[in-house]
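A look at the structure
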Amino acid sequence: MSKILIKNIKGLVQFGEDLPKVRKGEEMKKLPILENAFLALENGIIVAYGSMAEWGGITDWRNLEVIDAEGKFVLPAFCDSHTHTVFAQSREEEFVDRIKGLSYEDIAIRGGGILNSAQKLQEMSEEELFNHAMERVDKLKSGGTGALEIKSGYGLTVGAELKTLRVIKRIKAESGIAIKATFLGAHAFPLEFKENHQGYIDQIINEMLPQIEKEGLADFIDVFCERNYFSVEEMFQILQAGIKHGLRPKVHVNQFSAIGGVRKAVELNALSVDHMEEISEDDIDALKGSDTIATILPSCSHFLSIPFGDARRLMENDLPVALASDFNPGSTPSGNLAFVWSLACVKMKMTPEEALNALTINAAYAMDLSETHGTISLGKTTPILITKQIPSLAYIPYSFGDQLIERLIIS
Ligand code: NIG
Ligand code: FE
């Protein structure tokens, strides 16, 4: 048995029992912090925590690693509920094109963007894709990510989508952290289906989904609902088919335009609606009283120079908000969640506490990991973050760009 005791913790963050599954609206301001605390883990399971003053001491010192966290904060690892971590190549040439004046949409219409990534992925072997992705996963972990959702969507053929999902399945087995797989065959229409949308949708429904279910390759289904991509009706059809194969919707909506995708996704009990750079009054009404969480991706807004999602408006309407990276080669070539934390504070006017709730408890909910991740609670298996010595928790988003995570403890 492996046992770890972390002692003299300056602040044990996001701890407690019988916590809600999500914090919403005003409650997002709450962030429990216990000063001068300890935390004990056995085989990666949280077995005890409390203040050093109350600590009764250790009776069995065999196989015990003791970590002194003097001056350091301890928190549940970040959960990244939205990424596209499996891809073949970076796309910095499009980044330069955008600097020179082209928009993300202009580049996509010229055959760049997602189609560019799809061609590269189709040509790459499963083994090579896996190796590249695992290098990225290791980097994400060193930045404090302790659970990761990964989408397909750069395959866009039956073979390449299945190949991507098999790579994600292997990452699940080998990464040491919780991985959730999302099938995003409906990321863009391949060129040969430009004039025949139903032809590609039929492939998704009749050829990809049955095989995905057979091999147990996905947890969720996603569609990029946007003008020039998938219409609200097309999304609805694909999500309904996914649900029949056991996949809960978790969708890309409202990145560039609010076209009614949120209400339709909520109607199908989507776990999350992601992006939300644009939000309409009807979207807010649809989300109220639902089990669907809005997930905002500020690094995407930063990189594409598009509006930041209005988290304050969602919270003012008593709704919960999650934050994620959107790590992908086109719109967000960074999976750094400490940077997301900082952007949420600086650009979206979330307080450090609200943003950390959005990256832990609410993000765990957004990837269906509430039972095990997102808070420091007895019996949970969430990886644990230990920071470097810092003056306060707010110092992390304040000191943007610094690497202040010292260690990620995984079971
Ligand atoms: O979430 N918006 C759709 N998909 C990705 C970007 C895809 C790409 O440009 O490669 C996103 O931003
Ligand atoms: Fe995305």
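This report concerns the structure included in the present document.

Cut-off values and rules
- Residues numbered from 1 in each chain as written.
- Chains lettered and ligands numbered in written order.
- Predicted model: local features only at pLDDT ≥ 70, side-chain atom pairs only at ≥ 80, totals over all residues.
- Heavy atoms only, no water.
- Pairing = 2+ DSSP bridges.
- Helix = DSSP H or I, 4+ residues; strand = E, 2+ residues; numbered from the N terminus.
- Axes fitted to C-alpha atoms, helices over the stretch in contact; angles between N-to-C directions.
- Contact = heavy atoms within 4.5 Å.
- Donors = N, O, S within 2.8 Å, 3.2 Å for Na, K, Ca; no water.
- Buried < 20%, exposed > 50% of the residue type's maximum accessible area, 1.4 Å probe, protein only.
- Expected span 1.5 Å × (residues − 1).
- Arc of directions from axis to C-beta.
- Phe/Tyr/Trp six-rings, centres within 6.5 Å; stacked < 30°, edge-to-face > 60°.
- Lys NZ or Arg CZ within 6 Å of the ring centre and 35° of its normal.

Further remarks concern the sheet that holds strand β12 (residues 293-296). With parallel pairing, the eight strands of this open sheet are ordered in space as β6-β7-β8-β9-β10-β11-β12-β13. Across the chains shown, the open sheet's two edge strands, defined by having one partner strand only, are β6 (78-80) and β13 (321-323). Adjacent strand axes in the sheet meet at a mean angle of 25 degrees, parallel and antiparallel pairs treated alike. Across the sheet, helix α6 (residues 197-215) touches β8 (178-186) and β9 (220-225), and the angle it forms with β8 is around 150 degrees.

In this structure, H82 (NE2), H84 (NE2), H252 (NE2) and D326 (OD) serve as the protein donors to the iron ion (ligand 2), at separations of 2.1 to 2.2 Å. The motif formed by the donor residues of the iron ion (ligand 2), counted along the single chain, is H-x1-H-x167-H-x73-D. The exposure classification of H82 matches that of H84, with both residues buried.

We now examine helix α4 (residues 126-142). Helix length check: α4 (17 residues) gives 25 Å between terminal C-alpha atoms against 24 Å at 1.5 Å per residue, within 8%. Listing the buried residues of α4 in full gives L129, F130, A133, M134, R136, V137, L140 and K141. Across the axial projection of α4, the buried residues extend over an arc of 170 degrees, all falling on one side. Set apart from the buried face of α4 by more than 90 degrees, the exposed residues are E135 and K139. Count one or two residues on from α4 and you reach G144, which has phi positive near 105 degrees.

As a further point, take the side chain of T85. Mapped onto the elements, T85 comes out in the loop between β6 and α1 (92-99). Residue T85 is classed as buried on the basis of its relative accessible area, which comes to 0%. Not counting residues within four places of it along the chain, the set of residues in contact with T85 comprises A133, R136, V137, L140, L148, I150 and F327.

Moving on: the pairing of strand β11 (residues 272-275). When strand β10 (residues 248-253) meets β11, the two strands line up parallel, connected through four bridges. In the strand pairing of β11, K250 is matched with S272. Pairing of β11 with β12, which is carried by four bridges, proceeds in the parallel orientation. Counted as the bridge partner of H275 is I296 from β12.

Okay, the packing of aromatic side chains next. Evaluated as defined, the whole model comprises 10 aromatic pairs. Taken together, a centroid distance of 5.8 Å and an interplanar angle of 70 degrees make the contact between F15 and Y49 edge-to-face. With F15 in the loop between β1 (3-13) and β2 (33-42) and Y49 in strand β3 (residues 45-51), this residue pair connects regions lying 34 residues apart in the sequence. Taken individually, F15 and Y49 each receive the classification buried, so the pair is uniform in this respect. With a centroid separation of 5.5 Å and 45 degrees between ring planes, the pair formed by Y395 and Y398 is classed as tilted. Note that Y395 and Y398 are positioned in helix α15 (residues 395-398) at a spacing of three residues, about one turn of the helix. Taken together, the ring pairs in this structure connect F189, F193, Y200 and F230 into an aromatic cluster. It is K250 that lies over the ring of F220; its NZ or CZ is 5.9 Å from the centre. One cation-aromatic arrangement involves K264 over F236; the distance from NZ or CZ to the ring centre is 4.6 Å.

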